[in-house]
Amino acid sequence: MSCGEPHETDCSEILDHLYEFLDREMPDSDCVKFEHHFEECSPCLEKYGLEQAVKKLVKRCCGHDDVPGDLRDKVMGRIELIRSGQAVPEQDVTASPTTSQDS
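An unreviewed UniProt entry lists the protein chain under the name Anti-sigma factor, with Streptomyces chartreusis NRRL 3882 given as the organism.

So this is what it looks like as structure tokens:
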């Protein structure tokens, strides 16, 4: 998408990194570049506003779900294995084995 107007930062670059901007996962200097772009480009500003609204809606509707304790423990265990440099099994070793039943 492009508005057809020349900008210091191209619209495609802005839209490719929009979620990084929304989540504040970029350096401040890049955030300033995005903010400047939004000031002069209404199509990108509109897209930003739409994505921001969707993000807020998802947070409001889904942001309060509690994570089951056992799932949290499994995820944290995996993270610790990765951090320690140990091999991570492809199958979940904490899952209970399945039994087959003959018919």
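More follows now that the structure is in view.
Helix and strand counts for the protein chain stand at five helices and zero strands. Mapped in sequence order, the helices and strands of the protein chain form the string α-α-α-α-α. When each of the 103 residues of the protein chain is scored for burial, the buried share is 16%. Taking as baseline every contact in the protein chain between residues at least 6 positions apart, the subset at least 24 positions apart corresponds to 44%. Accessible surface computed for the protein chain: about 8,400 Å², of which carbon and sulfur atoms make up 52%.

Our next topic: the UniProt feature "domain: Putative zinc-finger" (unreviewed entry) in the protein chain. According to UniProt, the "domain: Putative zinc-finger" (unreviewed entry) feature falls on residues 11-44. End C-alpha to end C-alpha, residues 11-44 measures 7 Å, and it is 79% helix and 0% strand.

In this section: the packing of aromatic side chains. Scanning all chains against the criterion turns up five aromatic pairs. Ring geometry for Phe21 and Phe34: centres 5.3 Å apart, planes at 15°, overall stacked. Remark: Phe34 occurs in helix α3 (residues 28-40) and Phe21 occurs in helix α2 (residues 18-22); sequence separation between them is 13 residues. We note that Phe21, like Phe34, is buried.

Conventions adopted
- Residues numbered from 1 in each chain as written.
- Predicted model: local features only at pLDDT ≥ 70, side-chain atom pairs only at ≥ 80, totals over all residues.
- Heavy atoms only, no water.
- Helix = DSSP H or I, 4+ residues; strand = E, 2+ residues; numbered from the N terminus.
- Buried < 20%, exposed > 50% of the residue type's maximum accessible area, 1.4 Å probe, protein only.
- Contact = heavy atoms within 4.5 Å.
- Areas by Shrake-Rupley, 256 points an atom, 1.4 Å probe, with all protein chains shown as cover.
- UniProt positions renumbered as here; feature names shortened; annotations may be inferred.
- Phe/Tyr/Trp six-rings, centres within 6.5 Å; stacked < 30°, edge-to-face > 60°.

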